[in-house]
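Next come the chains, spelled out residue by residue.
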Amino acid sequence: MMTGLALFDTAIGRCGVAWGERGLLGVQLPEGDDARTRARLLQKAPGARETAPPEEVRRACAAMTGLLDGKATDLSFIALDTDHLPAFNRSVYDIARTIPPGETMTYGEIAARLGDKLRSRAVGKALGENPLPIVIPCHRVLAANGKTGGFSANGGVTTKFRMLTIERAKTAGASGDAPMLFDPGLSIAPRRRRG
């Protein structure tokens with residue numbers, strides 16, 4: 001089977017998806033224009049050709065679109081082809097996939113689940129290399145004390161904030177009518193350093 005790719009519209013812009021016979025190989029968040037989105041996707045799936053996606057990929061795109069429209073959509077049904085990725089990264093991604101929409105986890109919590117709470121930087125590095133954002137929800141992983149940590153997608157932490165706001169993410173340990181982690185009405189400009 002040929003490796004395919006397609007672009008699809010979402011609430012945050014045109015995303016891209018690449019697939020092979022065993023599942024999705026890559027998901028690309030919007031890069032500003034279609035040509036750049038395609039180019040980034042081809043880095044994840046070299047040689048992929050743009051074509052109409054098969055039914056299971058269309059369902060995956062519809063589910064990702066629903067999630068980015070604010071629906072609490074479960075993406076666990078989406079088959080991924082991650083065999084070519086490092087074993088440690090796959091372990092991190094398996095844990096990240098268990099974080100439901102509207103919830104978050106810290107790099108340290110993932111490291112602890114992997115058996116070594118001191119490996120949070122390695123967890124962050126693995127998430128920074130995530131070839132399947134949205135489906136492997138690296139945007140739901142934060143640094144300690146609710147700090148954002150990094151985000152390697154176009155727009156950086158602004159994109160991470162936007163995705164978490166769409167999902168109505170709560171602060172760690174929040175319940176009921178606790179405030180949202182990110183208030184869409186607040187500015188997300190970085191704090192100025194005092195000096």
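These numbers come from a predicted model, not from an experiment. (Residues numbered from 1 in each chain as written. Predicted model: local features only at pLDDT ≥ 70, side-chain atom pairs only at ≥ 80, totals over all residues. Heavy atoms only, no water.)

Q: Residues and numbers for the overall build of the chain, please.
A: Looking only at helices and strands, one finds 6 helices and 6 strands in the chain. From first element to last, N terminus to C terminus, the chain shows the α and β order β-β-β-α-β-α-α-β-α-α-β-α. Expressed as a percentage of the 195 residues in the chain, the buried residues total 45%. Considering only contacts in the chain between residues 6 or more positions apart, those separated by 24 or more positions represent 55%. If you sum the accessible surface of the chain, you get close to 10600 Å²; carbon and sulfur atoms cover 50% of it. (Helix = DSSP H or I, 4+ residues; strand = E, 2+ residues; numbered from the N terminus. Buried < 20%, exposed > 50% of the residue type's maximum accessible area, 1.4 Å probe, protein only. Contact = heavy atoms within 4.5 Å. Areas by Shrake-Rupley, 256 points an atom, 1.4 Å probe, with all protein chains shown as cover.)

Q: Which residues make up the packing of aromatic side chains, and what values do they have?
A: The relative placement of two aromatic rings is captured by the distance of their centres and the angle of their planes. Applying the stated rule across the entire model yields 0 aromatic pairs. Directly above the ring of Phe-88 sits Arg-119, whose terminal nitrogen or CZ lies 4.3 Å from the centroid. (Phe/Tyr/Trp six-rings, centres within 6.5 Å; stacked < 30°, edge-to-face > 60°. Lys NZ or Arg CZ within 6 Å of the ring centre and 35° of its normal.)

Q: Residue-level account of the confidence of the model for the chain, with values.
A: Looking at the chain, the pLDDT average stands at 83 and 79% of residues meet or exceed 70. Low pLDDT, under 50, characterises residues 171-195; the predicted model gives this stretch 22 contacts beyond four residues in sequence or across chains. (pLDDT = per-residue confidence, 0-100.)

Q: Describe the pattern of salt bridges, and please don't skip the residues or the numbers.
A: Under the defined criterion, the tally for this structure stands at 10 salt bridges. The salt bridge partner of Asp-83 is Arg-22, with a shortest N-O separation of 2.3 Å. Taken together, the positions of Asp-83 in the loop between α2 (55-68) and α3 (87-96) and Arg-22 in the loop between β2 (13-20) and β3 (23-28) put the pair 61 residues apart, joining distant regions of the chain. (Salt bridge = Lys/Arg side-chain N within 4 Å of Asp/Glu carboxyl O.)

Q: For α2, give the residues involved together with the corresponding values.
A: Its 14 residues place the ends of α2 20 Å apart at the C-alpha level, agreeing with the 20 Å of an ideal helix rising 1.5 Å per residue. All of the buried residues along α2 are Val-57, Ala-60, Cys-61, Ala-63, Met-64, Thr-65, Gly-66, Leu-67 and Leu-68. A positive phi of about 100 degrees marks Gly-70, the residue just after α2. (Expected span 1.5 Å × (residues − 1).)

Q: Give a description of the environment of Glu-50 that names residues and reports values.
A: Along the chain, Glu-50 falls in strand β4 (residues 49-50). Glu-50 sits in the partly exposed class, given a relative accessible area of 46%. Here the alpha-carbon distance between Glu-50 and Ala-6, two residues 44 residues apart in the chain, equals 5.5 Å. Here Glu-50 is in contact with Leu-5, Leu-7 and Arg-38, once residues within four sequence places are set aside.

Q: If you had to explain the sheet that holds β2 to someone new, which residues and values would you point to?
A: In space, the 4 strands of this open sheet follow the order β3-β2-β1-β4, with mixed pairing throughout. Looking at strand neighbours, the two that pair on one side only are β3 and β4, the edges of this open sheet. Bridge analysis of β2 against β3 gives 5 bridges, and the strand direction is antiparallel. Its bridge partner being in β3, Val-17 is matched across the sheet by Val-27. The sheet strands contacting helix α1 (residues 34-44) are β1 (4-10), β2, β3 and β4, and the helix crosses β3 at an angle near 140 degrees. Across the sheet, α2 touches β1, β2 and β3, and the angle it forms with β1 is around 30 degrees. (Pairing = 2+ DSSP bridges. Axes fitted to C-alpha atoms, helices over the stretch in contact; angles between N-to-C directions.)

Q: Mind laying out the environment of Asp-83, listing which residues take part and the relevant values?
A: Residue classification places Asp-83 among the partly exposed positions, given a relative accessible area of 48%. In this structure the C-alpha to C-alpha distance between Asp-83 and Leu-25, which are 58 residues apart in sequence, comes to 9.8 Å. For Asp-83, the contacting residues outside a window of four places in its chain are Arg-22 and Arg-90. Separated by 2.3 Å, the side chains of Asp-83 and Arg-22 make a polar contact. (Polar contact = N/O pair within 3.5 Å; in protein donor to acceptor, adjacent residues only side chain to side chain.)

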